[in-house]
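Residue-level structure breakdown
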Amino acid sequence: MSLIFEHFNHWVVVILMMIGLYIVITANNLVKKVVGLNIFQSAVFLMYITMGKVVGGTAPILAEGVTQYSNPLPHVLILTAIVVGVATTAVGLSLVLRIKSAYGTIEENEFQNKEDVI
Amino acid sequence: MNLWASISQDQLINLAIFIPFFGAFLVGLLGKYPNLREAASIATSIILFTVVLAITDNTFHGTLMNMHWFDLFPGLSVSFLVEPLGVLFALVASFLWIVTTIYAIGYMRGNNEKNQTRFFICFALAISSVMAICFSDNLLTLFIFYEVLTLSTYPLVTHAGTKEAKEGGRIYLGILLSTSVGFLLFAILGTYAITGTLDFKPGGVFDESSPDLMVGLLLVLFCFGIGKAALMPFHRWLPSAMVAPTPVSALLHAVAVVKAGVFSILKVAVYIFGLDTLSDLATTDLILYAASGTMVIASIIAMTKDNLKARLAYSTIAQLSYIVLGAMLATAMGVIGSAMHIAAHAFGKITLFFVAGAIYTTAHKKLVSELDGIGKHMPLTMTAFTIGAISMIGLPPAAGFISKWYLLLGSLETSQWVAVIALILSTLLNAAYFIPIVYAAYFKSEPNDQKHQSHGEAPLMILIPLLITAGMTLFMFFNPELPLALAKQMLELSL
Amino acid sequence: MFEQHLAVLPVLLPLIAAPLVVLINKPRAAWLLSTLFVGACVYISFGLVSATMDGGALRYALGGWEPPWGIEMRVDSANAFVLLTVSVIATLVLLFAKESIASEVAHKQLPLFYSAYLLCLAGLSGILITGDAFNLFVFLEISSLATYTLVSLAADRRCLTAAFRYLVMGTIGATFILIGVGMLYMKTGTLNMLDLAERIQAVESHRTINTGLAFIMVGVSIKLALFPLHMWLPAAYSFAPSAVTAFLAGTATKVAIYVMLRFVFTIFGAGYVFEQMNMEIIVLVLALAGIFQCSFVATTQSNIKTLLAYSSVAQVGYIILGVSLVSLTGLTASLLHIFNHALMKAALFMAVGAVFYRMGSVQIIAFQGLGRRMPWTMSAFTIAGLSIIGVPLTVGFISKWYLVTAALEQGNWLVAFLVLVASLFAVVYIGKVIEAAYFKEPSEDADATKIKEVPVSMLIPMWLLVLANIYFGIDTSLTVSAATAGAEALLNGSSLVGGVQ
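In what follows, the accompanying structure is described. Fair warning: this is a prediction, and the values are worked out from it, not measured in the lab.

Residues and elements named next belong to chain B. The pairing of strand 1 (residues 66-73) with strand 2 (residues 76-81) spans six bridges and is classified as antiparallel. Paired with D71 across the strands is S77, a residue of strand 2. Linking strand 1 back to strand 2 in an antiparallel pair, the connection comprises two residues, with G75 at a positive phi of about 85°.

So, in structure tokens, the structure goes:
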């Protein structure tokens, strides 16, 4: 039991990651694939954020009477990663838009038969 | 040779390699003027021959010529060194290049071949790489120009551009490249890994510390990897290459390319393994048997071929194995026989090919069964053919007799009974597939039912070269001193 | 003034130029500006290579923040060598792109193309010179996002699905790397590569580190298209604009390979990865499987771009094979082949791009009879093709020689033999194209008689690469010494970890 509760943040991360990957692999709709990719990335963001958390620590702002802070570095890092994630989503969605106008569909099975997508 | 006296002797090597190279360049430039272009070809070939003569002269005077080009890898260079065996091969190739050039002009014009400029360019490039092979100082250099030779002759094989030619070219390139990359390069790298050197050294580079098993394996890899020697089962490329125009078959696939193959094997045997190491290896016998088998089987296949060039091709395969066999005897007699046979077979076989081309040009016949009575129309040509055939069989008074004599002596000396039987059997088979052609040409009457156009001898440009080579075949029987001296000098170096 | 900032300039210059190009918004001016900036990168890379040749390293604290708190740029002889390769290829492809891209991308999108191209180059240079594991991820994503855009710019609509697939795979790969880096941070509390290396050695074989290694290796393997994680590559290469394919083939996978080398040798240390985790066996088998499978698939293709793309995956296998031998010679072979393969593949894809420029197709039928009509292009293809096969006097032979020597050095005769045999596949797939070009008549339907040679501005970069293929195949002193220095730097990095700080 302790394995589950002491590391519950990791369990959340792992489950979210698997859900995300599963959607990417199985989804037929390209937008859903992008959503899956987002969930997958969010899981990693969570991993970083919980990593920086120090039990009993507060937000890393200098204040009277506080001696224990959470580690701010992973939080900063993940801000960058979130930006990267947003950019990826933007590129992905704009590709989906262009696919829609070029193929008339964003369902993978519908155009895969028409074109030999390698 | 006073002609080249003013030039540093080492530079002669560069000249030998670059003269045909620039010849190719010149031919390309003069492509629009056929007469000038042909003049350039002939001039280049004659100049090259004088250079090789000068090199020969120096070799007999004991002058050591070497040439270092550049280091390809640290400690491994592309460099050249003149040694007697290479001189012998260079002499044969450069002399026959003159003859073949004249012949090729007659043949290409007589048959209105297309792309003649490309033909002469590739031809000259091939000779250039043959010269580099002759004088190479290490296995790396040999390998590089071996590959260049393969690639530069590929356009010659596919020259006709027909489906058949392309198919032939594919087999040609496929077998030669795959054996050279898969086995030869592997063997070279293996030799390097074991000994740390790739230089040709009299007496060989392996010593007691080299593991016997690996060295034996390397010998097998070398002999089969040098696909140009056409040891069975890697012989298929040679008959396929016969789709090329006859001058190509004559010089390249009877002399330059295949001789580059057996020359490489001989050189590897003498200068990489050394005769002592070779005679101790278990696999030497294996190669010896493979060569004996090739001799007999190729001769039997030759009997079944009705196409004259195909028959000659299989005869070539058998004759090449004589040379491999001589090298694998690992005795002085065997090696002398092999070296002699490089020259003897060259003159004999090129004559036969020239005749095949002459018949094709004048009478438009390709098959053996069509040759009945042709001796009446082309007496000189068929006389030359007879001389060539005698040399192939190994009867006096033709050059083939001398080399076969040495090979037979070598086999007896080492009690290699398989080799002895194979040599005798092969002689009989040779007789069996050459004599009927001669008989039919002279003594059978021409078939009356088929419309037979009357024709005489081939044009002089074709006739003279084949008479020269036939003459050389006889000449070498009476005067074998030059090749013998070179072969013996090589042995003295390595003992 | 530039001297002290030399290490960061290869990233900064294209990064500055990218928005400028969009602001100018005129194709010709955009091209000129990009070429100038990228050309400057080549000059700087030369400087970096010569500065690091002696085995030292240039270090640069970004924004003046000292490592390990700030981000550090660190150039040693290994990444300087790859950086030079990348910037040279980028410049040549840019020269080639002027005509080629103008015919394949809509006119008003051209400045955007150049902008994305510059961003991609900035990202790739950033990956190479950064000394910070997280920063590496960021640059990886900058270059990848730009690449997805570049791939999707072609006229053929199939480039869109190819780009999308590439995006999905690429993002998964990058996120895997992110996870791995997170694991390392979790255990060591640092992101600076040298710091990481030091601390990993202290705690090595901890489960978190092992997991981190696994994630990073899989992530990087996707990015460098190691068999069997290569499926995104053939589609992306086939349908991207020709110039983009030439650029990617010469740079993107090469940089990903560098990332693997950096992680394996500098951060984790060869001893940990290979001796404790026995990764070399996995990598060796995958590399060999990739070489054989993809070389074989290449022989069956009729789209020449796809054919060359599969060949690229196989060639990646050769490079990784050299790594898996874990020796100085093996690593030298790998670094050499990174450079050499960039030369030959960029030249080949340029030649194919030139054919597309005239014929509008890269199917093998389009190549028929081109030997006469486009003699310069096809002879360039032939020579670069011979180099892929590994014919002597070309760079391909040099790479192969070192690779096989490295295998034989370790007594691994079987691997040596397999490498040689595998190169025969190249004979088949290159031979197929050459035969079509020189020995087949042009197909009837095309206006074949009108086909003529491509503009000189396309031929010059192509032939520069071809000549480089021959030059570096004969004079190997420069490339071999640079690659050896790089290999030494990588190997020393893993053994001298303690002493660097």
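Let us now look at the interface of chain C and chain B. Where interface size is given, it is often the accessible area lost as the parts come together that is meant. Each side of the interface is counted separately: chain C has 26 residues, and chain B has 35 residues. Between chain C and chain B, roughly 2700 Å² of surface is buried when both sides are summed, and carbon and sulfur atoms account for 81% of that area. Three residues stand out in chain C for area buried against chain B, namely W401(C), W413(C) and F439(C), and they jointly supply 29% of the buried area on that side. Counting across the chain C and chain B interface gives one salt bridge. Connecting chain C to chain B are two residue pairs in polar contact (both at pLDDT 80 or more). At the level of elements, helix 18 (395-409), helix 19 (413-439) and helix 20 (456-474) of chain C are the ones that each hand at least two residues to the side of chain C that touches chain B. The dominant element in the side of chain C that touches chain B, judged by the number of residues it contributes, is helix 19 of chain C, at nine residues.

Quick look at the arrangement of the chains now. The highest contact count of any of the two pairs of chains in contact belongs to chains A and C. The two units chain A and chain B remain apart, with a minimum C-alpha distance of 30 Å.

Contacts between the two partners involve 38 residues from chain A, matched on the other side by 33 residues from chain C. Around 3300 Å² of area is buried between chain A and chain C when both sides are counted, 76% of it from carbon and sulfur atoms. Linking chain A with chain C are zero salt bridges, by the criterion used here. Counting every contact that joins chain A to chain C gives five residue pairs in polar contact (both at pLDDT 80 or more). Of all the secondary-structure elements, those providing two or more residues to the side of chain A that touches chain C are helix 2 (8-26), helix 3 (30-52), helix 4 (72-103) and helix 5 (108-114) of chain A.

Scoring rules and cut-offs
Residues numbered from 1 in each chain as written. Chains lettered and ligands numbered in written order. Predicted model: local features only at pLDDT ≥ 70, side-chain atom pairs only at ≥ 80, totals over all residues. Heavy atoms only, no water. Pairing = 2+ DSSP bridges. Helix = DSSP H or I, 4+ residues; strand = E, 2+ residues; numbered from the N terminus. Contact = heavy atoms within 4.5 Å. Buried area = accessible area lost by both parts, 1.4 Å probe. Salt bridge = Lys/Arg side-chain N within 4 Å of Asp/Glu carboxyl O. Polar contact = N/O pair within 3.5 Å; in protein donor to acceptor, adjacent residues only side chain to side chain.

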